[in-house]
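# Examining the three-dimensional arrangement
Spelled out from the first residue to the last, the chains are:
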Amino acid sequence: NDWNYIQPEPLINLLEIWNSKTEDTQSLLGSNFKLRTAGTMISQVEEDTVMANSDTNQISKPILPRWLYLNIIDQLILPKLIISIESYPPLESPPLHTWVLPWLPILFDLPATITTNFYSTLRLKISSLIRLSSPTTTFNPASVVSPWLDVIFTKSELANLKTRTLIPKLITVLRNFKIDPQNQEIESLLFVLDCSTLLDPLDLVHLLETEFFPKWHRTLWTWLVQRDADYKEISAWFANWKSLFPPDVVDVEGDEGLARQFKHALVAMNVAITWRKEGGPVPEMPAILTPIADLRTAEAENAAKKRTQEQSMKDMRSNLAGSLSVKELLERVVAKAGLVLIPTAKVDSRTGRPVFRIAKASDKNVVVYVKESSGGDGEWVPKSVMEVVDMAGGNMTR
């Protein structure tokens, strides 16, 4: 009755003397030990107590029956840990890993049915901390995630965390980042660069090329074409910025790193210097500085168009499996594109199949024949429905 769970040595010494395999001792452990543990765990809730108890459980494990040990972990300890993790206030408390990690050796060899909820709660909390982090908080994504990299995340889980939580957070920070040569603050950029240990170098390069360098290039060019611009000052500004980026994202094999962005900036500087010497109207920003983001947008639009076409082809195949004839199917597809399928009273000389023409519904005189004339033999060349629609000026996205 005098046993204190936080100071377990006296009870442990006594239990080691007894024969723990006897039925009476098992019964004693199953009632008094569990009840005493429950009372202590319920009354002492603070995280530092949970941390202290982790060592006690390591000591107690060898002398407890397996069933009782699992019961204590499942019904007494894990619920307390889960509640503590869920209510963890990151702005006022010590880092999450400092008081949760000591418990993991106890949990590693436990059945997944017992620990699944605990690990799910922990991963959700880590995601929440990433979203809460900012350039002004005492913690950032790197400090939150790094202690857990080889502990609770599989490769797929870590990739999912990066895609759904980390990268969107970094994009938001970079989009709110302002470049001002007169009063530059770089905390937001450093916040992002601190995460270089969590991202593949090419992923970080892509992030910076799309969200940082377009505005950086615009600022540089605006400064370069000012009539009173000090090119020495600009050169120093350029060098300072370049020094901020880790070498592994600046110099990537195959000219895939940020070095190409700085090369583009040098091209712009040379254009501005030439303009300053030769005079004339202010030149346009060199095409080489066209924001990567704009190019990515065009690529995304093309990809979306391709997906739409692929879906239309899937729908076509699905319909073919039904009761529609090929002619009926073609009529439906071209109708969606604002076109009509018109008989020509002609047949293919080789197959004997009828030939149709496709025209805009608003202009019956516009006809596109699917025939290759460059070969000189006048043969009809098979084309997909989508190619025919594009050739006829249709639009499948309507």
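Each chain carries its own residue numbering, running from 1 in the direction its sequence is written. Given that the model is predicted, a residue must reach a pLDDT of at least 70 before its local features are reported, and side-chain atom pairs must reach 80 or more before they are shown or counted; all residues, however, enter totals for whole chains, interfaces and linings. Side-chain numbers come from the whole structure's heavy atoms, not from hydrogens or water.

### Considerations on the packing of helix α12 (residues 213-224) against helix α15 (residues 259-278)
Relative orientation and spacing of two packed helices are given, respectively, by the angle between their axes and the distance between those axes. Contact pair α12 / α15: the axes reach a minimum separation of 10 Å and the direction vectors enclose 15°. Viewed along their axes, α12 and α15 adopt a mutual orientation that is roughly parallel. Here the hand of the crossing between α12 and α15 comes out right-handed. In this structure, α12 contributes Phe213, Trp216, His217, Leu220, Trp221 and Leu224 to the contact, and α15 contributes Gln261, Phe262, His264, Ala265, Ala268, Met269, Val271, Ala272, Trp275 and Arg276. Note on residue classes: Ala, Val, Leu, Ile, Met, Phe, Trp, Tyr, Cys and Pro are nonpolar, Asp, Glu, Lys and Arg are charged, and everything else, Gly too, is polar. Partitioning the contact of α12 with α15 into residue classes produces 12 nonpolar, three polar and one charged. Each axis is a line fitted through C-alpha atoms, taken for helices only over the stretch in contact, and angles between the N-to-C directions span 0 to 180 degrees. Runs of E in the DSSP output that reach at least two residues are strands. Runs of H or I that reach at least four are helices, and both are numbered from the N terminus. Any angle from 65 to 115 degrees is called roughly perpendicular, while one under 35 is roughly parallel, one over 145 is roughly antiparallel, and all others are oblique. By definition, turning the near helix anticlockwise from the far helix through less than a right angle yields a left-handed crossing, and turning it clockwise yields a right-handed one. Here a residue-residue contact requires only that any non-hydrogen atoms of the pair lie within 4.5 Å.

### Quick look at the packing of aromatic side chains
Only Phe, Tyr and Trp rings take part, Trp by its six-membered ring, and two of them pair if their centres are within 6.5 Å. Stacked means planes under 30 degrees apart, edge-to-face means over 60, and tilted covers everything else. Applying the stated criterion to the full structure yields 17 aromatic pairs. Ring centres of Trp216 and Phe238 lie 6.2 Å apart, and the angle between their planes is 40°; this geometry places the pair in the tilted category. In this pair, Trp216 sits in helix α12 while Phe238 sits in helix α13 (residues 231-244), placing the two residues 22 residues apart along the sequence. With a relative accessible area of 0%, Trp216 lands in the buried category. Ring centres 6.0 Å apart and planes at 75° place the aromatic pair Trp237 and Trp241 in the edge-to-face group. With Trp237 and Trp241 both in helix α13 and four residues apart, the pair spans about one turn of that helix. Per residue, the accessibility class of Trp237 equals that of Trp241, and both read buried. Each residue in the set Phe177, Phe212, Phe213, Trp216, Trp223, Trp237, Phe238, Trp241, Phe245 and Phe262 is aromatic and connected to the rest through ring pairs, giving one cluster. Under the scheme applied here, a residue whose accessible area is under 20% of the maximum for its type counts as buried, over 50% as exposed, and between as partly exposed, the area being computed with a 1.4 Å probe on protein chains only.

### Structural notes on the nonpolar core
Counting 79 residues, the largest nonpolar core has Phe118, Ile126, Leu208, Phe212, Trp216 and Phe245 as its most contacted members. Those residues in contact with Ile126 that lie beyond four places of it in its chain are Leu96, Val144, Val145, Trp148, Ile152 and Phe153. Of all hydrophobic cores here, the second largest spans five residues; its members include Ala337, Leu339, Leu341 and Ile358. Side-chain atoms within 4.5 Å are what join buried Ala, Val, Leu, Ile, Met, Phe, Trp, Tyr and Cys residues into a set we call a nonpolar core.

### Describing the environment of Asn117
Its location among the elements puts Asn117 in helix α7 (residues 112-132). Relative accessible area serves as the criterion here: at 49%, Asn117 is assigned to the partly exposed category. For Asn117 and Leu78, which are 39 residues apart along the polypeptide, the C-alpha to C-alpha distance reads 9.0 Å.

### What to know about the environment of Gly338
Along the chain, the position of Gly338 falls in the loop between α17 (326-336) and β1 (339-347). When the C-alpha positions of Gly338 and Lys360 are compared, they lie 6.5 Å apart, and in sequence the two are 22 residues distant.

### Digging into the pattern of salt bridges
For salt bridges, the criterion is a side-chain nitrogen of Lys or Arg within 4 Å of an Asp or Glu carboxyl oxygen. Summed over the entire model, instances satisfying the criterion amount to three salt bridges. Its salt-bridge partner being Arg123, residue Glu157 comes within 3.5 Å of it at the nearest N-O pair. Here Glu157 is found in helix α9 (residues 155-175), whereas its partner Arg123 is found in helix α7, with 34 residues between them in sequence. Arg175 serves as the salt-bridge partner of Glu211, at 2.8 Å between the closest nitrogen and oxygen.

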